[in-house]
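Per-entry structural report
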Amino acid sequence: MRPSSIRGLAGPGALVLLVALVAVAAPILPLFDPVRQDVANRLAGPSALHWLGQDEYGRDVLSRIIWGARVSLTVAVVAAALAAVVGTLLGVLGGYFRGLVELFTVRVAEIVLCFPPLLLALLVVTLLGPGATTLVFSLAILFAPGFARVAYAETLSARALDYVTAQQALGARTPRILFVTLLPNIAPPLIVQFSLTVASAMVLESGLSFLGLGVVPPSPSWGLMIRGARASMELAPLLLFWPCLALTGTVLVLNLLCDRLRDVLDPRGKAAGRPGFLGRLIALPPAPEPRQAPGLLSVQGLTLAVQSAHGPIEVVRDVGFTLAAGETLAIVGESGSGKTLTGLAVMGLLPAAVTPVAGSILLTGREGRVRDLLRLPEREMRGLRGRELAMIFQDPSSSLNPLLRIGSQLGETLRAHGVRDGVRERVVALLRQVGLPDPERAAEAYPHEVSGGQRQRVMIAAAIANHPRLLIADEPTTALDVTVQAQILALLAELKRAEGGMGMVFVTHNLAVVSDIADRVLVMYAGEVVEEGRVEDVFAVPRHPYTAALIASMPEGDAERLTAIPGTVPQPWAMPAGCRFAPRCEMAIDACRAAAPPLAELAAGRLSRCLRWKEMA
Amino acid sequence: MLAFAARRLLVSLGLVWVVASLVFLVIHLIPGDPAELLLSQGGIAPDPAAVEELRERLGLNAPLWAQYLSYMGGLLRGDFGLSLQDEHPIAEEIALRLPRTLELVGMAGLLATLFGVPLGIAAALRAGGALDRVLSAWAGFALSVPVFVVGTLAVLLLAQQLKLVSAGGYVPLARDPGRHLALLMMPATTIAVGLGAVVFRVMRSSVLEVLEREHVRAAQARGLAPGAIIRRHVLRNALTPVVTVVALHLGALLGGTVLVEFVFNWPGLSGYLVRAVEARDYPEVLGIVLVISIIFVLLNFLVDLLYAVIDPRVRHG
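The shown structure was predicted, so the numbers you read here are calculated from the model rather than taken from an experiment. (Residues numbered from 1 in each chain as written. Chains lettered and ligands numbered in written order. Predicted model: local features only at pLDDT ≥ 70, side-chain atom pairs only at ≥ 80, totals over all residues.)

A few words on the overall build of chain A. The helix and strand tally for chain A stands at 21 helices and twelve strands. Viewed in the frame of its principal axes, chain A has a C-alpha envelope of about 105 × 65 × 55 Å. Considering only contacts in chain A between residues 6 or more positions apart, those separated by 24 or more positions represent 67%. (Helix = DSSP H or I, 4+ residues; strand = E, 2+ residues; numbered from the N terminus. Contact = placed C-beta atoms within 7 Å.)

Along chain B, the regular secondary structure elements total 14 helices and zero strands. Scanning chain B from its N terminus toward the C terminus, one meets helices and strands in the order α-α-α-α-α-α-α-α-α-α-α-α-α-α. The principal-axis extents of the C-alpha atoms in chain B amount to approximately 85 × 55 × 40 Å. For chain B, the residues scored as buried account for 41% of the 317 residues in total. Long-range contacts, defined as pairs at least 24 residues apart, comprise 71% of the intrachain contacts of chain B with a sequence gap of at least 6. (Buried ≥ 20, exposed ≤ 12 C-beta atoms within 10 Å, placed from the backbone.)

Right, let's get into the packing of helix α8 (residues 222-231) of chain A against helix α9 (residues 237-265) of chain A. All names here are of chain A. Where α8 meets α9, the axes come as close as 8 Å, and the angle between the chain directions of the two elements is 155 degrees. Judged on the interaxial angle alone, α9 and α8 are roughly antiparallel. The interaxial crossing formed by α8 with α9 has left-handed handedness. Of the residues in α9, those in contact with Trp 222, Met 225, Ile 226, Ala 229 and Arg 230 of α8 are Leu 239, Leu 240, Pro 243, Cys 244, Ala 246 and Leu 247. (Axes fitted to C-alpha atoms, helices over the stretch in contact; angles between N-to-C directions. Parallel < 35°, antiparallel > 145°, perpendicular 65-115°, else oblique. Left-handed = near helix turned anticlockwise from the far one by under 90°.)

All names here are of chain A. One open sheet holds the four strands; their spatial order is β2-β1-β4-β5, and the pairing between them is antiparallel. The sheet terminates laterally at β2 (311-323) and β5 (370-372), the two strands that pair on one side only. On average, adjacent strands in this sheet sit at an angle of 10 degrees to one another, irrespective of strand direction. Taken together, the nine bridges between strand β1 (residues 297-308) and β2 define a ladder with antiparallel strand orientation. Note on β2: the bridge partner recorded for Gln 307 is Pro 312. (Pairing = 2+ DSSP bridges.)

On to the domain arrangement of chain B. Residue and element names in this part refer to chain B. Along its sequence, chain B is organised into domain 1 (2-89) and domain 2 (91-316). The C-alpha centroid of domain 2 is placed 32 Å from the C-alpha centroid of domain 1. Facing the 24 residues of domain 1 at the interface are 24 residues of domain 2. Listed by contribution, the elements that provide at least two residues to the side of domain 1 that touches domain 2 are α1 (2-29) and α2 (34-39). In terms of residues, the side of domain 1 that touches domain 2 owes the most to one element, α1, which gives eleven residues. Looking at the side of domain 1 that touches domain 2, its residues break down into 16 nonpolar, six polar and two charged. (Domains from an automatic or database assignment. Nonpolar A, V, L, I, M, F, W, Y, C, P; charged D, E, K, R; others polar.)

At the interface, 61 residues of chain B touch 59 residues of chain A. By residue number, the principal contributor to the side of chain B that touches chain A is helix α10 (residues 226-256) of chain B, which donates twelve residues. By residue class, the composition of the side of chain B that touches chain A is 35 nonpolar, 16 polar and ten charged.

Moving on, we get to the domain arrangement of chain A. When its domains are assigned, chain A resolves into domain 1 (3-36 + 63-264) and domain 2 (294-396 + 469-615). Each of domain 1 of chain A and domain 2 of chain A has a C-alpha centre, and these two points are 54 Å apart.

This brings us to the sheet that holds strand β7 (residues 470-474) of chain A. Residues and elements named next belong to chain A. Spatially, eight strands are ordered β6-β7-β8-β3-β9-β10-β12-β11 in an open sheet, and the strand pairing comes out mixed. One side of each edge strand has no neighbouring strand; the edge strands of this open sheet are β6 (389-392) and β11 (600-603). Taken over all neighbouring pairs, the strand axes of this sheet differ in orientation by 20 degrees on average, direction set aside. Taken together, the two bridges between strand β10 (residues 528-534) and strand β12 (residues 606-608) define a ladder with antiparallel strand orientation. Paired with Glu 531 across the strands is Ser 608, a residue of β12. Set on the sheet, helix α20 (residues 545-552) makes contact with β3 (328-332), β9 (520-525) and β10; between it and β9 the angle comes to about 105 degrees.

In this section: the confidence of the model for chain B. Of all residues in chain B, 94% have pLDDT values of 70 or greater, and the mean over the chain is 83. Predicted complex metrics record ipTM = 0.79 and pTM = 0.82. (pLDDT = per-residue confidence, 0-100.)

A small share of helix α6 (residues 162-169) of chain A lies buried, amounting to zero of its eight residues. Note on α6(A): the residue one or two positions beyond its end, A:Gly171, has a positive phi of about 80 degrees.

Once that is clear, we can look at the environment of A:Leu9. All names here are of chain A. Turning to its location among the elements, Leu 9 is positioned in helix α1 (residues 3-25). Spatially, the C-alpha atom of Leu 9 lies 9.0 Å from that of Cys 258, the residues being 249 residues apart in sequence. Every residue in contact with Leu 9, bar those within four places of it in the chain, is listed here: Arg 260, Leu 261 and Val 264.

This next bit is on the packing of helix α2 (residues 61-97) of chain A against helix α7 (residues 174-210) of chain A. All names here are of chain A. Following both chains from N to C, one finds α2 and α7 inclined at 140 degrees, their axes separated by 8 Å at the closest point. Judged by the inter-axis angle, α2 sits oblique to α7. The crossing of α2 and α7 is right-handed. Together, Ser 72, Val 75, Ala 76, Val 77, Ala 79, Ala 80, Ala 83, Ala 84, Thr 88, Val 92 and Tyr 96 of α2 and Leu 178, Leu 182, Leu 183, Leu 190, Phe 194, Thr 197, Val 198, Ala 201, Met 202, Glu 205 and Ser 206 of α7 make up the contact between the two elements. Along the lines of polarity and charge, the residues of the contact of α2 with α7 split into 17 nonpolar, four polar and one charged.

Turning our eyes to something else, we now look at the pairing of β9(A). All names here are of chain A. Burial within β9 is extensive, with six of its six residues counted as buried. Alternating positions in β9 separate into two faces, Arg 520, Leu 522 and Met 524 on one and Val 521, Val 523 and Tyr 525 on the other, with burial throughout. In this structure, β3 lies alongside β9, joined through four bridges in parallel fashion. Bridging from a neighbouring strand, Ile 331 pairs with Leu 522 of β9. Direction of pairing for β9 relative to β10: antiparallel, over a ladder of six bridges. When the sheet's bridge partners are listed, Leu 522 is paired in β10 with Glu 532.

In this section: α2(A). Residues and elements named next belong to chain A. The end-to-end C-alpha distance of α2 is 53 Å, a good match for the 54 Å that 37 residues give at a rise of 1.5 Å each. Counted residue by residue, α2 has 27 buried out of 37 residues, so it is predominantly covered. One or two residues past the end of α2 sits Arg 98, with phi positive at roughly 55 degrees. (Expected span 1.5 Å × (residues − 1).)

What follows deals with the nonpolar core. If you look at the biggest cluster of nonpolar residues, it comprises 248 residues, and the most contacted ones within it are A:Ala79, A:Phe143, A:Ala461 and B:Ile288. When near neighbours in sequence (up to four residues on either side) are disregarded, B:Ile288 contacts B:Ile94, B:Leu269, B:Tyr272, B:Leu273 and B:Ala276. (Core = buried A, V, L, I, M, F, W, Y, C linked by C-beta atoms within 7 Å.)

Let us now look at the confidence of the model for chain A. Per-residue confidence for chain A gives a mean pLDDT of 84, with 94% of residues at or over 70. Counting contacts from residues 557-562 of chain A, a segment whose pLDDT is below 50, to residues more than four positions away or on other chains yields nine contacts.

This part takes up unusual backbone geometry. Residues and elements named next belong to chain A. The phi dihedral of His 467 is positive, around 50 degrees, even though this residue is not glycine. Given 15 C-beta atoms within a 10 Å radius, His 467 is considered partly exposed. Even without being glycine, Ala 526 reaches a positive phi, approximately 50 degrees. Following the sequence through the fold, Ala 526 ends up in the loop between β9 and β10. Note on Ala 526: 23 C-beta atoms within 10 Å, which makes it buried.

In structure tokens form, the structure reads like this:
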């Protein structure tokens, strides 16, 4: 809970409290009797005695507004409370016991939701006759299913959680689990639902009263007052205005309170992001564009940070590497090592929360021009993406738009970079090149109509469509079956041969595939480079305990996950002071924990961030 | 696609049958005798002879299954029975009034979509910007004003004070198309204020959600221009929840136009319903509830078809 969202609660909360207090205090306030008629002064305007004037029977309007608040709020709160109790009970029982109980609680309640709400209320009024009791009853019926749904969904997700299973294992009795353990934990969304329901119930109550089917005259109710004032609209327009204002204002503050409550208690639904592609924030100081850069891609001192309440947190720190044309570099590390962010930074596609704070990414283009991708305006960056730079993502199922045909998505990639003629032929040729069995038919297919491996082939086809100079493959085989993985790796290797000079950055957590595909390997840990070198050298003699542990944890077959290293990657906001791997390292000595070791160059192109690299042989 | 439509239609017809049976059961299984309920006024027990006579007239003395069969048979012939008040055929009155309500709801839905969808997109694309903040605040306000307050204040201001429009009423389309439309616009706009705010909110959050999806980033990685990404990879994907919400609300409005029809003297189905409720004319109430529920089911059928048009996965699934 952030203090700012709690402060946001204060305004609407105070206003709701004020309305409630005035309504509760109505009997002790110095008000006129709300039902005492004074026909001689009917429709009289505001006066010292009657601040808001008198209505069509000469009754005091201010008094009727305040007493009306009492009636409206009582009906709404009692109905919402009744609905909350009944609905929550149904939902919790249905969600906890599932099966037949669910059918008779939640599913039955949901039938009510199939009817238009006002219609259902009218049906109940037909059967029971108008009046406040009927009103409470019918509103409770209307709103109970809403609570049942919320409670059901929350119970479903909570019943599998540890604290509930633990209680079950300890032999706690079911009612105790339900109402002592479970209920407090699912309360926040229910509280939000309650405030929402009170507002809705007020609107419905006033609507029914307005129709003459709710609160029975002469009891004051805002709906009834609006109904009454309509007849004398021409003579006394203000009479109509006051109850409208009271009703709208109350519903408005209730809704506001509800929004704020949701922010505080149930922040899941809060829409976050700022879409990235309408403009990129370039926070880096400008730097002169270099004439020359080593190799195809040269990343230097790349540091990425996430903005947080406690200041920026560095998630990638001082990462550097170079890639020659035609070379393949594997970036290896566990989740959270920063390898994917590094790839995305090259593409200029970092999530909105992550900003580059230092470094440069130099790309030598087709025509020999060197650009710093970290400082390039979005417009120019867009021209490079898909043409000079391309990327393949981890999950081919979510990387394609499910609503568009495969051929259409490939075609747009060609058109975006100026291809005008023969797009269809090019698309089919590309699909054939990546080894799809029936390319003509595949072009007409939707993504869900082909297999996962074929979808990844399509993504690869899209990536190489405009013969990029640099291909970034972010775990392109992780989401695929093991047999398909090998095929995709073979395809990538083959394409690299065909597209002479294309460099590739292959991001993976799977060391087993590295030796198949890469020339050099860069090992990352907790946002830092810990080792770099030629694949043969690193596999033969790793010069960092982390790399050694990775290799040791590699089974003979294909490893799905690296599980053999004890401990986990430290969180970015809780980095150890010294070597970041020291807490998990068997070789760590006091010097390792004292200060962060530098990245040492052991030989040309061979780097290690370990103080004891010499002892590793 | 045809097979999909046929399958969904079958399900919908089954639902209509369930709804019709439910409506029948509600009135027959609820404690209390409908005839007695109808004749009792203010807690005074009605004359037993009168109750018996009414029971005979309504066919309530026949066994339940026989009543059910004759009720269902009537429905199949489009016969909803006679009004208790004036013995007028209910189906006839519904046939006269239903199109007016549908027209009102349709126009309101159209207006709400026309404003809500583009504004929702605009707000989402610049989420957190000035336009977004203004529109979101407005939507929050529009959602808080009860629809009959909007209508009443509109009549007060535009008709009574400024004399720009007439306060309400109805002229058949055939008699005077221009006047018909003019009279339609006030109640339709009144409904569209709240509905448009709902559409706006759903569209906004749906676009924001789609923008975060992987395939949008993949499209960016291919170098597509923002316009093309929004058009081809965001909007269509963002439409599904909007279709659901609009349809759900239109369905709810079929009964919810009661207030607006009352404010603007629009002689639609709802006014008929209110009158029936007031008179406790339960064959009328049931007939109207049934018709609205059937339309509700059909609307859901149309939504399913729309899903299939938007999303090929639904078509094949």
